[in-house]
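# Reading the structure
This is what each chain is made of:
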Amino acid sequence: MTVAVFFGCAFIAFGPALALFIFTIARDPLRVIILIAGAFFWLLSLLLSSLVWFIAVKASRQEEATAQKGLLIFGVMFSVVLQEVFRFAYYRLLRKANEGLAAISEENLSPISIRQMAYVAGLGFGIMSGAFSMINILSDSLGPGTVGIFGDSQYYFITSAFMTLAMTLLHTFWGVVFFDSCERNRWWAVAVVLSLHLLVSGLVSPSPSHRSRAVRTHNTCADKRP
Amino acid sequence: MPTQSRHAQSGNRLRTANHGHGGRQRDQRSHRAALHSGTRRTHGQLCGLKAPRVTAANFHNENTNFRRRSEEINNKRLRGSVTQNISLSDHRHVQGDTELNGQPPSTRVIQAEDDDDEELTLKYGAKHVIMLFVPVTLCMVVVVATIKSVSFYTQNDGQQLIYTPFREDTETVGQRALNSILNAAIMISVIVVMTLILVLLYKYRCYKVIHGWLFISSLLLLFFFSFIYLGEVFKTYNVAMDYLTLAVIIWNFGVVGMICIHWKGPLRLQQAYLIMISALMALVFIKYLPEWTAWLILAVISVYDLLAVLCPKGPLRILVETAQERDEPIFPALIYSSVPDQQAEDDGGFTTSWVGQQQHQLGNLQSTEDTRREIQGMPSARGVKLGLGDFIFYSMLVGKASAAASGDWNTTLACFVAILIGLCLTLLLLAIFKKALPALPISITFGLVFYFATDNLVRPFMDQLAVHQFYI
């Protein structure tokens, strides 16, 4: 593990998100605020879902590994559902803010459209989700050690980086699709987003094969591209 | 010296004048257009030539002196008049904030800009938020980077500040809790007393005492603390350094810092120095405050901030209102300002009689707020101010989160986002209420909630997810 691994994984995981940020968001203060607020909403959803998981774990018998695994899967599903709920809540907040911005501007036109807000909000969710998944791994990769010395996969860092990249982009796309379908009252599309999110997060087989999971997720990512 | 100060002043003025440079140019062109239409065109061949010649033609009738340096004077006058108007209009800014610099800072307030045009204020609110996000982020990044790399600031040397005499390495949890409560109580009372002294000194116009106090505390920060910091950084990276070079470096750093903060300097440099001293102070707090005491102090000080700024008899509110009555800025050394402060009036050599005479002949050439707005299509630069104590406590929270949270970066990130959102909400309230507001309560509350929640609830969850390679 070297600085090369650190930079490689960091740029795999966060390169596109960083590029999107620099080229489309950094110039406009309003978009930066929406991005950070999106990250905050994702964080809130994570907080609540981990509270629920924590209570469930404490209430259960802690010795059995299968029970813990089951609780973890339940935690993941609950977290996904809660994330989508918070995405909807953020959508409502942004709608209201949009009307407010339009009202106070000179030509009664909001400086930002709901589509741009959808993209920025999705990216906010994605960046925060990716950061929470990847940052500890990245900081570990700077230190000494060997990946998979005890028989686990040696590609742990690379697959994590690719999965983080996929999740970041997926969140962005889901944000756009979600907001658009909420605007047009297409609730089936919202359900599709939710189920796809559940599918991607639940793509875990009992004996995890990291590479295949990454491939499956990337296929989902490719299909989602509008 | 006078010429240097004039040069610095004109440098400052030019900076303000060049802000919105395109607008000024249009302004000048419109003035020239006005001049063109206003002149009698006695010299027909001068019609097509640029304005300075036209105005020179008018001057020629009155005073031959001006013809020689007509262009230069004209440009300087236009610039000077424009900047004078800016500095005059900026007088309307409500200034008034306070912060104790080095020592245990009390509380800080955010400035509200006096703006009767609410629409423009809210429209540019997002810009102001970013103008504060960037320095707050930079300060936090400096603190977190130092904490993670230089182990000195996380080592427990057994030393504590004199304001927190009780030790936390006791046998029982109850004893520890009691000690930390006592420590926090002592610290807060020290802060309250210092704030009261400051307000009293300000009210009875003992400016020299206040300035001396601020001078000494920033001297301490810029020389002594930065010397220690630099020494520890060198130790961490095993850099060999001789005392002579170190003395030269620290001397230069400190002197330039004192000049920038207490006198005049480029805006960016002043902002950079303010960020650096806030970071240094936060690092001192992180090192010398024991664990539970630090969290308690953060909680209590945000409550104190709320009371001191919003209660009618709160010391900071009295301070702000006194400063507003006297129409003077308070302690520019203690406030981070996103735009340059109003510059001193400098007539640039144009006496009032000359200006009056010129106005009499040519009509009012000075731009007014309305004409400038019309032409530029946007208001003049208005900034927002944040006290240094806010920087210090935000960075202290994030630094403590990164130092104490079992090496977990998620906690640091969560606290960072929470503080930024708190700042955003506070600025939103500022835009709505338009008066000085405490910047600590919302951000510190969010920060504390997210720190404890992330450290105790989210961290185990995320660790389990990472082990089983779940991505949510």
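Preceding this paragraph is the structure being described.
Report on the accompanying structure. (Residues numbered from 1 in each chain as written. Chains lettered and ligands numbered in written order. Predicted model: local features only at pLDDT ≥ 70, side-chain atom pairs only at ≥ 80, totals over all residues. Heavy atoms only, no water.)

This next bit is on the overall build of chain B. Looking only at helices and strands, chain B has 18 helices and four strands in total. For chain B, with 472 residues in total, the buried portion stands at 50%. A fraction of 77% describes how many contacts in chain B between residues 6 or more apart in sequence connect residues 24 or more apart. Accessible surface computed for chain B: about 21400 Å², of which carbon and sulfur atoms make up 62%. (Helix = DSSP H or I, 4+ residues; strand = E, 2+ residues; numbered from the N terminus. Buried < 20%, exposed > 50% of the residue type's maximum accessible area, 1.4 Å probe, protein only. Contact = heavy atoms within 4.5 Å. Areas by Shrake-Rupley, 256 points an atom, 1.4 Å probe, with all protein chains shown as cover.)

We now examine the packing of helix H1 (residues 3–25) of chain A against helix H4 (residues 114–142) of chain A. Residue and element names in this part refer to chain A. Relative orientation of the contacting elements H1 and H4 amounts to 165°, with a least axis distance of 10 Å. By the criterion of interaxial angle, the relationship of H1 to H4 is roughly antiparallel. For H1 against H4, the interelement crossing comes out left-handed. Only Tyr119, Val120, Leu123, Ile127, Gly130, Ala131, Met134, Leu138, Ser141 and Leu142 of H4 make contact with H1, whose side of the interface consists of Val3, Val5, Phe6, Cys9, Ala10, Ala13, Phe14, Ala17, Leu20, Phe21, Thr24 and Ile25. Its residues placed into classes, the contact of H1 with H4 shows 19 nonpolar, three polar and no charged. (Axes fitted to C-alpha atoms, helices over the stretch in contact; angles between N-to-C directions. Parallel < 35°, antiparallel > 145°, perpendicular 65-115°, else oblique. Left-handed = near helix turned anticlockwise from the far one by under 90°. Nonpolar A, V, L, I, M, F, W, Y, C, P; charged D, E, K, R; others polar.)

Okay, the packing of helix H3 (residues 65–104) of chain A against helix H5 (residues 156–183) of chain A next. The relative placement of two packed helices comes down to the angle between their axes together with the axis-to-axis distance. Residues and elements named next belong to chain A. For the pair H3 and H5, the least separation of the axes is 11 Å and the interaxial angle reads 60°. The orientation of H3 with respect to H5, classified from their angle, is oblique. Seen along the crossing, H3 lies across H5 with a hand that is right-handed. Note on element contacts: H5 touches H3 through His171, Trp174, Gly175, Phe178, Phe179, Cys182 and Glu183, opposite Gln83, Glu84, Arg87, Phe88, Tyr90, Tyr91, Leu94 and Arg95. For the contact of H3 with H5, the residue count by class is eight nonpolar, three polar and four charged.

With that settled, the discussion passes to the interface of chain A and chain B. Between chain A and chain B, the contact holds 48 residues from the first and 38 residues from the second. Of the roughly 3800 Å² buried between chain A and chain B on both sides combined, carbon and sulfur atoms contribute 77%. Counting every contact that joins chain A to chain B gives zero salt bridges. On the surface where chain A and chain B come into contact, there are seven residue pairs in polar contact (both at pLDDT 80 or more). Elements supplying a minimum of two residues to the side of chain A that touches chain B: helix H2 (29–59), H3, H4, H5, helix H6 (187–201) and helix H7 (210–224) of chain A. Top contributing element to the side of chain A that touches chain B by residue count: H2(A), with 18 residues. Across the side of chain A that touches chain B, the residue classes tally to 28 nonpolar, 17 polar and three charged. (Buried area = accessible area lost by both parts, 1.4 Å probe. Salt bridge = Lys/Arg side-chain N within 4 Å of Asp/Glu carboxyl O. Polar contact = N/O pair within 3.5 Å; in protein donor to acceptor, adjacent residues only side chain to side chain.)

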